[in-house]
Amino acid sequence: MAEKREYRMEELARLAGITVRTLRFYRERKLIPPPRREGRIAWYDDQHLARLRTITALLERGHTLSGIAELAEAFDHGRDVGDLLGVGGPTEEEPVHLTPEELADHFAGEATPENLAAAMDLGYLGTDGGEIVHISRRLLEVSSALVREGIPLAEVLAAAKEVRTHTDALADLFTGLVLRHASAQDLPRLRPLARGVVEAELSLALDRRMREDGSRGGRP
(Lines give C-alpha, C1' and ligand atoms only; values in the text may rest on other atoms or scores of the structure.)
Protein backbone atom coordinates (compact mmCIF):
# COMPACT_ATOMS: atom_id res chain seq x y z
CA MET A 1 0.00 0.00 0.00
CA ALA A 2 1.20 3.52 -0.79
CA GLU A 3 2.29 5.54 2.22
CA LYS A 4 0.28 8.56 3.21
CA ARG A 5 1.71 11.73 1.66
CA GLU A 6 2.64 14.58 3.96
CA TYR A 7 3.84 18.07 3.10
CA ARG A 8 5.55 20.93 4.84
CA MET A 9 3.88 24.31 4.66
CA GLU A 10 5.84 25.65 1.68
CA GLU A 11 5.23 22.54 -0.43
CA LEU A 12 1.52 22.43 0.43
CA ALA A 13 1.08 26.08 -0.52
CA ARG A 14 2.86 25.51 -3.83
CA LEU A 15 0.74 22.46 -4.70
CA ALA A 16 -2.46 24.35 -3.79
CA GLY A 17 -1.44 27.37 -5.88
CA ILE A 18 -1.52 29.82 -2.97
CA THR A 19 1.05 31.73 -0.93
CA VAL A 20 2.35 30.63 2.46
CA ARG A 21 0.81 33.80 3.89
CA THR A 22 -2.60 32.79 2.53
CA LEU A 23 -2.19 29.30 3.95
CA ARG A 24 -1.44 30.75 7.39
CA PHE A 25 -4.51 32.97 7.08
CA TYR A 26 -6.74 30.01 6.20
CA ARG A 27 -5.35 28.07 9.15
CA GLU A 28 -6.00 30.98 11.54
CA ARG A 29 -9.58 31.23 10.22
CA LYS A 30 -9.98 27.47 10.84
CA LEU A 31 -10.79 26.86 7.18
CA ILE A 32 -8.50 23.81 7.25
CA PRO A 33 -7.94 21.23 10.02
CA PRO A 34 -4.87 21.65 12.25
CA PRO A 35 -1.66 20.04 10.91
CA ARG A 36 0.17 17.19 12.59
CA ARG A 37 2.97 18.52 14.76
CA GLU A 38 6.41 16.99 15.02
CA GLY A 39 8.38 19.27 17.28
CA ARG A 40 8.27 22.69 15.64
CA ILE A 41 7.47 21.24 12.21
CA ALA A 42 3.87 21.23 10.93
CA TRP A 43 2.96 18.39 8.56
CA TYR A 44 -0.03 18.56 6.20
CA ASP A 45 -1.58 15.75 4.17
CA ASP A 46 -3.77 15.19 1.10
CA GLN A 47 -6.93 16.07 3.05
CA HIS A 48 -5.51 19.55 3.65
CA LEU A 49 -4.60 19.85 -0.04
CA ALA A 50 -8.11 18.83 -1.12
CA ARG A 51 -9.66 21.35 1.28
CA LEU A 52 -7.44 24.16 -0.04
CA ARG A 53 -8.36 23.37 -3.63
CA THR A 54 -12.03 23.32 -2.65
CA ILE A 55 -11.70 26.74 -0.98
CA THR A 56 -10.18 28.14 -4.17
CA ALA A 57 -12.97 26.66 -6.27
CA LEU A 58 -15.68 28.03 -3.97
CA LEU A 59 -14.11 31.49 -4.00
CA GLU A 60 -14.11 31.40 -7.80
CA ARG A 61 -17.84 30.60 -7.67
CA GLY A 62 -18.55 33.70 -5.61
CA HIS A 63 -18.65 32.32 -2.07
CA THR A 64 -17.24 34.55 0.67
CA LEU A 65 -14.59 33.41 3.14
CA SER A 66 -17.09 33.82 5.99
CA GLY A 67 -19.55 31.54 4.21
CA ILE A 68 -16.84 28.99 3.42
CA ALA A 69 -15.74 29.03 7.09
CA GLU A 70 -19.31 28.25 8.19
CA LEU A 71 -19.57 25.49 5.61
CA ALA A 72 -16.25 24.01 6.76
CA GLU A 73 -17.39 24.07 10.38
CA ALA A 74 -20.67 22.39 9.46
CA PHE A 75 -18.83 19.66 7.53
CA ASP A 76 -16.34 19.10 10.35
CA HIS A 77 -19.03 18.89 13.03
CA GLY A 78 -21.92 17.40 11.06
CA ARG A 79 -23.33 13.91 11.44
CA ASP A 80 -21.09 11.24 10.01
CA VAL A 81 -22.19 8.74 7.41
CA GLY A 82 -22.94 6.05 10.01
CA ASP A 83 -25.42 8.28 11.82
CA LEU A 84 -26.91 9.38 8.52
CA LEU A 85 -27.51 5.94 7.04
CA GLY A 86 -28.17 4.00 10.22
CA VAL A 87 -26.94 0.49 10.97
CA GLY A 88 -28.46 -1.20 7.93
CA GLY A 89 -28.64 1.80 5.62
CA PRO A 90 -31.54 2.56 3.29
CA THR A 91 -32.83 -0.48 1.44
CA GLU A 92 -33.63 1.24 -1.87
CA GLU A 93 -32.03 4.71 -1.93
CA GLU A 94 -28.47 5.11 -3.23
CA PRO A 95 -26.23 7.42 -1.16
CA VAL A 96 -24.02 9.88 -3.08
CA HIS A 97 -20.51 11.01 -2.02
CA LEU A 98 -19.69 14.63 -2.86
CA THR A 99 -16.94 17.14 -2.26
CA PRO A 100 -18.00 20.60 -1.00
CA GLU A 101 -17.16 21.89 -4.48
CA GLU A 102 -19.48 19.35 -6.14
CA LEU A 103 -22.26 20.20 -3.70
CA ALA A 104 -21.89 23.89 -4.57
CA ASP A 105 -22.08 23.03 -8.28
CA HIS A 106 -25.33 21.11 -7.76
CA PHE A 107 -27.09 24.09 -6.20
CA ALA A 108 -25.68 27.07 -8.12
CA GLY A 109 -24.46 29.11 -5.17
CA GLU A 110 -27.34 28.19 -2.84
CA ALA A 111 -25.30 25.75 -0.73
CA THR A 112 -25.28 28.31 2.07
CA PRO A 113 -24.63 27.45 5.74
CA GLU A 114 -28.35 27.96 6.48
CA ASN A 115 -29.45 25.58 3.72
CA LEU A 116 -26.75 23.10 4.65
CA ALA A 117 -27.94 23.09 8.27
CA ALA A 118 -31.55 22.55 7.12
CA ALA A 119 -30.47 19.62 4.92
CA MET A 120 -28.54 18.10 7.83
CA ASP A 121 -31.56 18.51 10.12
CA LEU A 122 -33.66 16.64 7.56
CA GLY A 123 -31.09 13.83 7.50
CA TYR A 124 -30.21 14.44 3.86
CA LEU A 125 -26.53 15.21 4.47
CA GLY A 126 -23.75 13.68 6.55
CA THR A 127 -19.97 13.55 6.37
CA ASP A 128 -17.50 10.78 5.57
CA GLY A 129 -13.94 11.99 6.13
CA GLY A 130 -13.38 14.89 3.77
CA GLU A 131 -16.51 14.13 1.74
CA ILE A 132 -20.20 14.89 2.12
CA VAL A 133 -22.77 12.11 1.79
CA HIS A 134 -26.29 12.75 0.48
CA ILE A 135 -28.61 9.98 1.59
CA SER A 136 -30.45 9.65 -1.75
CA ARG A 137 -29.36 10.16 -5.34
CA ARG A 138 -33.00 10.59 -6.37
CA LEU A 139 -33.62 13.33 -3.82
CA LEU A 140 -30.36 15.07 -4.77
CA GLU A 141 -31.27 15.05 -8.47
CA VAL A 142 -34.84 16.24 -7.88
CA SER A 143 -33.86 19.05 -5.49
CA SER A 144 -31.07 20.31 -7.77
CA ALA A 145 -33.47 20.19 -10.76
CA LEU A 146 -36.00 22.30 -8.85
CA VAL A 147 -33.29 24.85 -8.02
CA ARG A 148 -32.35 24.99 -11.71
CA GLU A 149 -36.02 25.77 -12.45
CA GLY A 150 -35.70 28.87 -10.28
CA ILE A 151 -37.13 27.60 -6.99
CA PRO A 152 -34.96 28.71 -4.03
CA LEU A 153 -33.26 25.84 -2.23
CA ALA A 154 -34.57 27.12 1.12
CA GLU A 155 -38.15 26.67 -0.14
CA VAL A 156 -37.35 23.23 -1.58
CA LEU A 157 -36.05 22.14 1.84
CA ALA A 158 -39.04 23.66 3.64
CA ALA A 159 -41.37 21.72 1.33
CA ALA A 160 -39.32 18.57 1.95
CA LYS A 161 -39.88 18.98 5.67
CA GLU A 162 -43.64 19.06 5.09
CA VAL A 163 -43.44 16.08 2.76
CA ARG A 164 -41.54 14.19 5.48
CA THR A 165 -44.46 14.67 7.87
CA HIS A 166 -46.94 13.23 5.37
CA THR A 167 -44.72 10.35 4.26
CA ASP A 168 -44.05 9.35 7.87
CA ALA A 169 -47.82 9.17 8.36
CA LEU A 170 -48.20 7.07 5.20
CA ALA A 171 -45.45 4.71 6.34
CA ASP A 172 -47.17 4.31 9.70
CA LEU A 173 -50.48 3.62 7.95
CA PHE A 174 -49.01 0.93 5.69
CA THR A 175 -46.95 -0.68 8.45
CA GLY A 176 -49.98 -0.85 10.72
CA LEU A 177 -52.06 -2.42 7.94
CA VAL A 178 -49.49 -5.14 7.30
CA LEU A 179 -48.86 -5.88 10.97
CA ARG A 180 -52.60 -6.33 11.60
CA HIS A 181 -52.85 -9.05 8.97
CA ALA A 182 -49.29 -10.38 8.47
CA SER A 183 -45.92 -9.99 10.21
CA ALA A 184 -42.91 -7.68 10.30
CA GLN A 185 -41.03 -10.17 8.12
CA ASP A 186 -43.51 -9.45 5.32
CA LEU A 187 -42.81 -5.70 5.27
CA PRO A 188 -39.76 -5.77 2.93
CA ARG A 189 -41.61 -8.00 0.45
CA LEU A 190 -44.76 -5.84 0.46
CA ARG A 191 -42.91 -2.51 0.44
CA PRO A 192 -43.17 -2.05 -3.38
CA LEU A 193 -46.98 -2.26 -3.05
CA ALA A 194 -47.00 0.70 -0.67
CA ARG A 195 -44.78 2.70 -3.00
CA GLY A 196 -47.04 1.87 -5.94
CA VAL A 197 -50.15 3.08 -4.13
CA VAL A 198 -48.50 6.35 -3.06
CA GLU A 199 -47.09 7.04 -6.54
CA ALA A 200 -50.43 6.35 -8.22
CA GLU A 201 -52.41 8.46 -5.74
CA LEU A 202 -49.93 11.34 -6.06
CA SER A 203 -50.17 11.15 -9.84
CA LEU A 204 -53.97 11.27 -9.68
CA ALA A 205 -53.87 14.14 -7.18
CA LEU A 206 -51.58 16.14 -9.48
CA ASP A 207 -53.98 15.46 -12.37
CA ARG A 208 -56.85 16.86 -10.28
CA ARG A 209 -54.86 19.92 -9.25
CA MET A 210 -53.78 20.69 -12.83
CA ARG A 211 -57.37 20.34 -14.06
CA GLU A 212 -58.56 22.71 -11.32
CA ASP A 213 -55.84 25.24 -12.07
CA GLY A 214 -56.56 24.97 -15.79
CA SER A 215 -60.25 25.52 -15.18
CA ARG A 216 -59.61 28.62 -13.07
CA GLY A 217 -57.17 29.94 -15.65
CA GLY A 218 -59.70 29.53 -18.43
CA ARG A 219 -62.37 31.66 -16.76
CA PRO A 220 -62.87 35.18 -18.15
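Residues numbered from 1 in each chain as written. Predicted model: local features only at pLDDT ≥ 70, side-chain atom pairs only at ≥ 80, totals over all residues. Heavy atoms only, no water.

**Re the overall build of the chain**
Alright, step 1. Along the backbone of the chain there are 10 helices and 6 strands.
Alright, step 2. Evaluated residue by residue, the chain yields a buried proportion of 30% over its 220 residues.
Alright, step 3. Within the chain, residue pairs in contact and separated by at least 24 positions form 67% of the contacts whose partners lie at least 6 positions apart.
Alright, step 4. For the chain, the exposed surface amounts to about 14,300 Å²; the carbon and sulfur share of it is 55%. (Helix = DSSP H or I, 4+ residues; strand = E, 2+ residues; numbered from the N terminus. Buried < 20%, exposed > 50% of the residue type's maximum accessible area, 1.4 Å probe, protein only. Contact = heavy atoms within 4.5 Å. Areas by Shrake-Rupley, 256 points an atom, 1.4 Å probe, with all protein chains shown as cover.)

**Re the sheet that holds strand S1 (residues 6–7)**
Alright, step 1. The antiparallel open sheet is built from 3 strands, whose spatial order is S1-S3-S2. Each edge of the open sheet is held by one strand with a lone partner, namely S1 and strand S2 (36–38).
Alright, step 2. Relative to strand S3 (residues 41–45), S2 runs antiparallel, the two sharing 3 bridges. What sits directly across from Glu38, in S3, is Ile41.
Alright, step 3. Taken strand by strand, helix H3 (residues 46–60) contacts S1 and S3, and its axis lies near 70° from that of S3. (Pairing = 2+ DSSP bridges. Axes fitted to C-alpha atoms, helices over the stretch in contact; angles between N-to-C directions.)

**As for the packing of aromatic side chains**
Alright, step 1. If you walk through the whole model with that rule in mind, you get 1 aromatic pair.
Alright, step 2. When the centroid spacing of 6.3 Å and the interplanar angle of 50° are considered together, the rings of Phe25 and Tyr26 count as tilted. (Phe/Tyr/Trp six-rings, centres within 6.5 Å; stacked < 30°, edge-to-face > 60°.)

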